[in-house]
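# Coordinates in review
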Amino acid sequence: MQTPTTTPRDINPTEDGTALRIVWEDGHESVYLPFDLRMSCPCAGCVDEGSGRRTLTEAMVAPNVYPTAIHYVGRYALQFVWSDGHDTGFYSFDLLRGLCGCEECEMPGPPRRSSQ
Ligand SMILES: [Zn+2]
Ligand SMILES: [Zn+2]
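Rules used in this analysis
- Residues numbered from 1 in each chain as written.
- Chains lettered and ligands numbered in written order.
- Predicted model: local features only at pLDDT ≥ 70, side-chain atom pairs only at ≥ 80, totals over all residues.
- Heavy atoms only, no water.
- Helix = DSSP H or I, 4+ residues; strand = E, 2+ residues; numbered from the N terminus.
- Rg over C-alpha atoms; globule rule 2.2 N^0.38 Å.
- Buried < 20%, exposed > 50% of the residue type's maximum accessible area, 1.4 Å probe, protein only.
- Contact = heavy atoms within 4.5 Å.
- Areas by Shrake-Rupley, 256 points an atom, 1.4 Å probe, with all protein chains shown as cover.
- Lys, Arg positive; Asp, Glu negative; His and termini not counted.
- Charge placed at Lys NZ, Arg CZ, Asp CG, Glu CD.
- Donors = N, O, S within 2.8 Å, 3.2 Å for Na, K, Ca; no water.
- Tetrahedral: all angles 85-135°; square planar, octahedral: opposite > 155°, others 65-115°.
- Core = buried A, V, L, I, M, F, W, Y, C linked by side-chain atoms within 4.5 Å.

The protein chain is annotated in an unreviewed UniProt entry as Gamma-butyrobetaine hydroxylase-like N-terminal domain-containing protein of marine metagenome.

### Description of the overall build of the protein chain
Counting secondary structure elements, the protein chain contains three helices and six strands. Counting from the amino terminus, helix and strand elements in the protein chain follow one another as β-β-β-α-β-β-β-α-α. Since a compact globule built from 116 residues should have a radius of gyration of about 13 Å, the 15 Å found for the protein chain is in line with a globular shape. By residue count, 33% of the 116 residues in the protein chain fall in the buried class. Long-range contacts, defined here as pairs at least 24 residues apart, represent 34% of the contacts in the protein chain between residues at least 6 apart. Within the structure as shown, the protein chain displays about 7,600 Å² of accessible surface, and the carbon and sulfur contribution to it stands at 50%. Of the side-chain charges in the protein chain, 9 are positive and 16 negative, and the distance between the mean point of each set is 5 Å.

### Some details on the coordination of the zinc ion (ligand 1)
Within the protein, Cys-41 (SG), Cys-43 (SG), Cys-46 (SG) and His-86 (NE2) serve as the donor atoms for the zinc ion (ligand 1), at 2.1 to 2.3 Å. Each of the four donor atoms around the zinc ion (ligand 1) contributes to a set of angles spanning 99 to 115°, which defines the coordination as tetrahedral. Motif for the zinc ion (ligand 1), donor spacing along one chain: C-x1-C-x2-C-x39-H. For the residue pair Cys-41 and Cys-46, the accessibility class agrees, reading buried in each case.

### Some thoughts on the nonpolar core
Core analysis: the largest hydrophobic core is formed by 21 residues, its most contacted members being Ile-22, Tyr-32, Leu-37, Leu-78, Phe-80, Tyr-91 and Leu-96. Contributions of two or more residues to this core are made by strand E2 (20-24), helix H1 (34-39), strand E5 (77-82) and helix H2 (93-99). Leave out the neighbours within four places in its chain, and Tyr-91 touches Leu-37, Arg-38, Ser-40, Cys-41, Pro-42, Tyr-76, Ala-77, Leu-78, Phe-80, Trp-82 and Leu-96.

### Thoughts on the environment of Cys-105
As for its placement among the helices and strands, Cys-105 is situated in helix H3 (residues 103-106). For the pair Cys-105 and Ser-30, spaced 75 residues apart in sequence, the C-alpha to C-alpha distance is 9.4 Å.

### Considering the coordination of the zinc ion (ligand 2)
Those protein atoms acting as donors to the zinc ion (ligand 2) are His-28 (NE2), Cys-100 (SG), Cys-102 (SG) and Cys-105 (SG), and they sit at 2.0 to 2.2 Å. Around the zinc ion (ligand 2) sit four donor atoms; with metal-centred angles ranging over 101 to 118°, the donor geometry is tetrahedral. Within one chain, the residues donating to the zinc ion (ligand 2) are spaced in sequence as H-x71-C-x1-C-x2-C. Of this pair, His-28 sits in the loop between E2 and strand E3 (29-32) while Cys-102 sits in the loop between H2 and H3; the two residues are 74 residues apart in sequence, bridging distant segments of the chain. For His-28, a relative accessible area of 10% gives the class buried.

Have a look at this one:
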């Protein structure tokens, strides 16, 4: 199901071109580093389907990896074509929103300090 939270309004590189910014329908802005996105690839080549464990390691990804193309997959996901030729991952908007690393999203629940 699509909600404003998981509907991108705008997908563009950041001004300096080093990251990807998604502005969501609810006004939230997420900025993603290409390397982090590549490491989060959800395809069967990067995640073991049985165990759900990530088989992709940081050593397998070039630090300067970048998307050469970004395609919409229907209305629910993006497909990145990476500079290393990898293009089998469909990043659902749900997943992308969940990957947002901003302060607000990093902090689950009401803002309170926890010691974990
Ligand atoms: Zn993958
Ligand atoms: Zn966020």
